[in-house]
Amino acid sequence: MLSYLLSALAGAVLPLAFAPFGFFWLAPLSYALLCVLWGDATPRRAFVLGSVYGFASFIAGLHWIYFSVHDVGLLPVGTSVLLTVALPAVLALYVGAVGVVAARWFATTGLAAWLGVFPALWVLVEWCRGWLFTGFGWLAAGYTQTDSWLMGYAPVLGVYGMSWAVLLCAGCVVALVFGQQRERAVAAAALIIVLGAGFGLTTLRFTAPKDEPRTVAIVQGAIPQTTKYDPEQLPPTVALYRRLTEASHGHDFIIWPEAAIPDYFERWRAPLEEIARHAALRGSALMFGILGVDAETRAGQNVLVAMTDPPSVYVKRHLVPFGEFYPVPDFVREWLRLNNLPSTDMRPGDAEQPPLAVGGERIAVTICYEDVFGAEQLYSFPEATLVVNLSNDAWFGDSIAPHQHLQIARVRAAEVGRYVLRATNTGISAVIDPTGEVVSTLPLFEAGVLTATVRGYTGRTPYARLGNYPVVLGAALVLAAVLAWRKLRPRGR
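Quick look at the structure, then. Please read these numbers as outputs of a predicted model, since none were measured by experiment.

## Points about the pairing of strand S1 (residues 207-220)
- Of the pairings in the sheet, the one linking S1 to strand S13 (residues 448-459) comprises eleven bridges and is antiparallel in character. Directly across from Arg 214, in S13, lies its bridge partner Val 454.
- Where S1 and strand S2 (residues 253-255) come together, three bridges link them in parallel fashion. Within S2, the position partnered with Val 216 by the bridge is Phe 253.

## Some points on the packing of aromatic side chains
- Taken as a whole and judged by the stated rule, the model has 17 aromatic pairs.
- Where Phe 23 meets Trp 25, the ring centres are 6.1 Å apart and the plane angle is 55°; that geometry is what we call tilted.
- For Trp 25, a relative accessible area of 47% translates into the label partly exposed.
- When the ring of Trp 256 is compared with that of Phe 288, the centres are 5.4 Å apart and the planes differ by 40°; the resulting orientation is tilted. Separated by 32 residues along the polypeptide, Trp 256 in the loop between S2 and strand S3 (261-264) and Phe 288 in strand S4 (residues 285-293) bring together distant segments of the chain.
- Sitting above the plane of the Tyr 4 ring, Arg 45 keeps its charged end 5.2 Å from the centroid.

## Some points on unusual backbone geometry
- A cis amide bond links Asp 309 to the next residue, Pro 310, at an omega of 0°.
- Its place among the elements puts Pro 310 in the loop between strand S5 (300-306) and strand S6 (312-315).
- Look at the link from Gly 427 to Ile 428: it is a cis peptide, with omega at 15°.
- Mapped onto the elements, Ile 428 comes out in the loop between strand S10 (420-424) and strand S11 (430-432).
- Even without glycine at this site, Asp 40 takes up a positive phi of about 60°.
- Note on Asp 40: relative accessible area 64%, which makes it exposed.
- Not every positive phi belongs to a glycine, and Leu 139 is a case in point at roughly 65°.
- With respect to the helices and strands, Leu 139 occurs in the loop between helix H6 (111-129) and helix H7 (154-178).

## Observations concerning the side chain of Asp 393
- Mapped onto the fold, Asp 393 is located in the loop between strand S9 (386-391) and helix H13 (401-416).
- By relative accessible area, which is 1% here, Asp 393 ends up buried.
- A polar contact of 3.0 Å, which involves the side chain of Asp 393, links it to the side chain of Arg 422.
- In this structure, Asp 393 is in contact with Pro 402, His 405, Arg 422, Thr 426 and Gly 427, ignoring residues within four places of it in sequence.

## Digging into the environment of Arg 45
- Structurally, Arg 45 can be placed in helix H3 (residues 43-61).
- The spatial distance from the C-alpha of Arg 45 to the C-alpha of Ala 103 is 9.0 Å, given a sequence separation of 58 residues.
- Excluding anything up to four places from it in sequence, Arg 45 contacts Ser 3 and Tyr 4.

## Some points on the packing of H6 against helix H8 (residues 181-202)
- In contact at an axis separation of 10 Å, H6 and H8 are set at 25° when each is read in the N-to-C sense. Classified by the angle between their axes, H6 and H8 sit roughly parallel to one another. Between H6 and H8, the contacting residues are Leu 111, Trp 114 and Leu 115 on the first element and Glu 183, Val 186, Ala 187 and Ala 190 on the second.
- Looking at the contact of H6 with H8, its residues break down into six nonpolar, no polar and one charged.

## Some details on the state of the cysteines
- One pass over the structure, following the stated rule, counts zero disulfides.
- Just so you know, Cys 128 is unpaired, no disulfide at all, and the nearest cysteine sulfur is the one on Cys 35, 20 Å from it.
- Given the relative accessible area of 24%, Cys 128 is considered partly exposed.
- You can see Cys 169 has no disulfide; the closest cysteine sulfur is in Cys 172, sitting 6.2 Å from it.

## Re the pairing of strand S8 (residues 361-367)
- Of all seven residues in S8, six are buried, a share of seventy percent or more.
- Where strand S7 (residues 356-358) lies against S8, three bridges are found, and the strand directions are antiparallel. Of the residues in S8, the one forming a bridge with Leu 356 is Ile 363.
- A loop of two residues connects S7 with S8, the two strands running antiparallel in sequence, and Gly 359 in this loop sits at a positive phi of about 55°.

## A closer look at the pattern of salt bridges
- Evaluation of the coordinates by the stated rule reveals 15 salt bridges.
- Put simply, Arg 129 and Glu 126 hold a salt bridge, and the shortest N to O gap is 4.0 Å. Of this pair, Arg 129 and Glu 126 both sit in helix H6, three residues apart, which is roughly one turn of the helix. As far as burial versus exposure is concerned, Arg 129 and Glu 126 are alike and both buried.
- For Arg 412, the salt bridge is made with Glu 415, and the minimal N-O distance between the two is 2.7 Å. In this pair, Arg 412 and Glu 415 both sit in helix H13, three residues apart, roughly one turn of the helix.

## Describing H13
- Between its terminal C-alpha atoms H13 stretches 23 Å, which fits the 22 Å expected from 16 residues at 1.5 Å a residue.
- Counted residue by residue, H13 has 15 buried out of 16 residues, so it is predominantly covered.
- Following H13 by one or two positions, Gly 417 adopts a phi angle in the positive range, close to 65°.

## A closer look at the nonpolar core
- Core analysis: the largest hydrophobic core is formed by 80 residues, its most contacted members being Tyr 31, Trp 38, Leu 62, Trp 122 and Trp 138.
- The biggest single contributor to this core is H7, with 13 residues.
- Beyond its immediate sequence surroundings of up to four residues, Trp 138 is in contact with Phe 58, Leu 62, Trp 64, Arg 129, Val 372, Phe 396, Ala 401, Gln 404, His 405 and Ile 408.
- Counting residues in hydrophobic clusters, the runner-up holds 27 residues, among them Val 216, Met 287, Leu 304 and Ala 452.

Calculation notes
Residues numbered from 1 in each chain as written. Predicted model: local features only at pLDDT ≥ 70, side-chain atom pairs only at ≥ 80, totals over all residues. Heavy atoms only, no water. Pairing = 2+ DSSP bridges. Helix = DSSP H or I, 4+ residues; strand = E, 2+ residues; numbered from the N terminus. Phe/Tyr/Trp six-rings, centres within 6.5 Å; stacked < 30°, edge-to-face > 60°. Buried < 20%, exposed > 50% of the residue type's maximum accessible area, 1.4 Å probe, protein only. Lys NZ or Arg CZ within 6 Å of the ring centre and 35° of its normal. Polar contact = N/O pair within 3.5 Å; in protein donor to acceptor, adjacent residues only side chain to side chain. Contact = heavy atoms within 4.5 Å. Axes fitted to C-alpha atoms, helices over the stretch in contact; angles between N-to-C directions. Parallel < 35°, antiparallel > 145°, perpendicular 65-115°, else oblique. Nonpolar A, V, L, I, M, F, W, Y, C, P; charged D, E, K, R; others polar. Disulfide = S-S within 2.5 Å. Salt bridge = Lys/Arg side-chain N within 4 Å of Asp/Glu carboxyl O. Expected span 1.5 Å × (residues − 1). Core = buried A, V, L, I, M, F, W, Y, C linked by side-chain atoms within 4.5 Å.

As far as function goes, none of this settles anything; it's purely spatial.
Written out as structure tokens, the structure is:
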């Protein structure tokens, strides 16, 4: 029983390593304790210990789901609790899978387990979590390290390379505490190499700034989610964004957040064209989030419109399950409809939409949840010179989620070596530089305009060239090597 309590405790403290807390050093210690608890465990026990750890970490890190579905989504308390518990319970199975596979086919003690199996297997399973069943990469281990030397791995190996480095550090901690003298020496050397390489990589630049600076104004309307979609709120919303835009005239880019006007573009085309025309006369290009309609199916779409001539449109391609589409059988969809619950699918955009040509730059666009899927954005580079992310984190309320989401955007900036211009409805709107450092932000729930001077960047990082292939293949090779070594080593050793 003590082992399970320690596993739950180790998992529960893990979210403290993520934003907004930022105790990044807790991550390898938390993972190290789980690794110790897995030592010599049976496959069944390893699965349960891992699942307990996973559930504790995900329920602590994703508890804001309750606010999203109950306080904003207005679902009943029972349903809200069920949904809040269900996702962490499913995600916990991935951690359990690491334990059962390690215990069944590999080893859970010794240097090969601590520095080989544990980090490689964790990274492979975490990578699977990022795409399987549409994927949910939130709270990947690498995101804990945005303020440590391990951030240097982002432009080379991406967030999963950062995760591998974190888990290697965890394995080194276990070996230093529980290993034999030779194992401790190897672990100490490995720890120095991992941290030293991370520090060295932070000094390298793989992309280069263009000569001409650009000025940007990010508009944060701070319209409460509880009133945002009320029809009577639409005219005041348009008036607010008009006023804030007029105060921003003269900036090269003026950017509104996701679904800033929560209605269809064609219904508001005339006033929006007027706002954009006045901005253009003063040298400003306007971009905003709004709803569109697919010409073929007439289904709704989540879009960014850049008011060029003619307007350029990006359509969100990676939709949120149970938010923007419902992967359920028809009878469940009918039940949802009869109970006045959302049940209509939006239409995703094409998988590879070209960067938008706006104001002398080529802009790669992501909308909200899409920025969790870094590899899906790599097709835009090196053509894209800037990244614009629109989001609506009002669904999360005053919780840790907006801070976690900003942390994810920081890694995306470092992965591709570009400025990320992040416009959100209620915060945290931000400008992030190509190394992942936050240049400036607007406070949560405050209407205002964030201004900054940025530059477009050219070139391509190693991660933008190769994506996740080096990490996935490398982890698979490590596991294959451990299996081969276990099979070929003399018996009795």
